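# Results of the structural survey
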Amino acid sequence: MRSHVSRCAPLEACGLLAGKNDRVESTLGVRNAERSPVRFRMEPRAQWHAFQRMEAAGLDLVGIYHSHPNGPDHPSPTDIAEALYPVAQIIWFRVDGRWRARGFQIQGGKVVEITLEFR
Ligand SMILES: [Zn+2]
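So, here is what we can say about the structure in this document. (Residues numbered from 1 in each chain as written. Predicted model: local features only at pLDDT ≥ 70, side-chain atom pairs only at ≥ 80, totals over all residues. Heavy atoms only, no water.)

## Concerning the overall build of the protein
As a reminder, the rule being used: Put simply, DSSP H or I for four residues or longer makes a helix, DSSP E for two residues or longer makes a strand, and each gets a number counted from the N terminus. For the radius of gyration, the atoms used are the C-alpha atoms, and the globule rule reads 2.2 Å times the number of residues raised to 0.38. Burial here depends on accessible area, computed with a 1.4 Å probe over protein chains only, as a share of the maximum for the residue type. Under 20% is buried, over 50% is exposed, and the range in between is partly exposed. Accessible surface is estimated by sampling points in the Shrake-Rupley manner with a 1.4 Å probe; for residues, cover comes only from the protein chains shown. We treat Lys and Arg as the positive residues and Asp and Glu as the negative residues; His and chain ends play no part in the count. To locate a charge, the coordinates of NZ of Lys, CZ of Arg, CG of Asp or CD of Glu are taken.
Scanning the protein from terminus to terminus reveals three helices and six strands. Taken over the C-alpha trace, the protein has a radius of gyration of 13 Å; the compact-globule value for 119 residues is 14 Å, and the two agree within 12%. Across its three principal directions, the C-alpha atoms of the protein cover 40 × 30 × 30 Å. A buried classification covers 36% of the 119 residues belonging to the protein. For the protein, the computed accessible surface area is about 7,300 Å², with 48% contributed by carbon and sulfur atoms. Here the protein carries 16 positive and 13 negative side-chain charges, and the mean point of each set is 5 Å from the other.

## Here we look at the coordination of the zinc ion
Operational definition: Donor criterion used throughout: N, O or S atom within 2.8 Å of the metal, extended to 3.2 Å for Na, K and Ca. Water excluded; incomplete-looking sites may result. Between 85 and 135 degrees for all angles marks four donors as tetrahedral; over 155 degrees for opposite donors together with 65 to 115 for all other angles marks four donors as square planar and six as octahedral; every other arrangement is irregular.
Coordination sphere of the zinc ion, protein contribution only: His66 (NE2), His68 (NE2), Asp79 (OD) and Asp79 (OD), at 2.0 to 2.5 Å. Geometry at the zinc ion is irregular, judged from the four donor atoms that bind it and their angles of 56 to 157 degrees at the metal. Donor residues for the zinc ion, ordered by position in the chain, follow H-x1-H-x10-D. Of this pair, histidine 66 sits in strand S3 (residues 60-68) while aspartate 79 sits in helix H3 (residues 77-82), and the two are 13 residues apart along the sequence. Like aspartate 79, histidine 66 is buried.

## Things to note about the nonpolar core
Our working definition: As used here, the term nonpolar core means buried Ala, Val, Leu, Ile, Met, Phe, Trp, Tyr and Cys residues forming a set that is joined through side-chain atoms within 4.5 Å. Contact criterion: two residues are considered in contact whenever any of their non-hydrogen atoms come within 4.5 Å of each other.
Among the nonpolar cores identified, the biggest contains 13 residues, and Leu16, Leu28, Met42, Met54, Leu61 and Ile64 are the most heavily contacted of them. Of all the elements in the fold, those that place two or more residues in this core are strand S1 (14-20), strand S2 (23-30), helix H2 (44-56) and S3. The element contributing the most residues to this core is S1, with three residues. Leaving out residues up to four positions away in the same chain, methionine 42 has contacts with Cys14, Gly15, Leu16, Val30, Arg31, Ala33, Gln47 and Ile64. Judged by nonpolar contacts, the second largest core, of nine residues, contains Val5, Val62, Ala88 and Ile90.

## Remarks on the pairing of S2
Selection rule: At least two DSSP bridges between two strands are needed for those strands to be called paired.
Where S1 meets S2, seven bridges bridge the pair, whose relative direction is antiparallel. In the sheet register, lysine 20 faces S2, and the bridge partner there is arginine 23. Following S1, the chain reverses through two residues before pairing antiparallel with S2; asparagine 21 in that reversal takes a positive phi of roughly 50 degrees.

Spelled out as structure tokens, the structure:
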């Protein structure tokens, strides 16, 4: 994830996290159709292909990630309004040039931070 968001900066990067039982097994970067530094919308075809690959591998959608190359370190009002899936939302942001990630559950306009564990 980190190399993907870093490569896409200063544009927002986005992608899907596939796995089982809240454990991520694979990261599927999806092209940001907006090509914007402040917005993302997964390119529908690329997103469809990512879901196909996930299904073929027998994995579930456990998270969605995107980056905020210029902050903030939390979901924007748009992120909250547009959160479609009840899965972990990972946001990547920079602190002194270094990428950091925070995780959130967003449901019905409510945002709750969740703990991320990196292996
Ligand atoms: Zn966002």
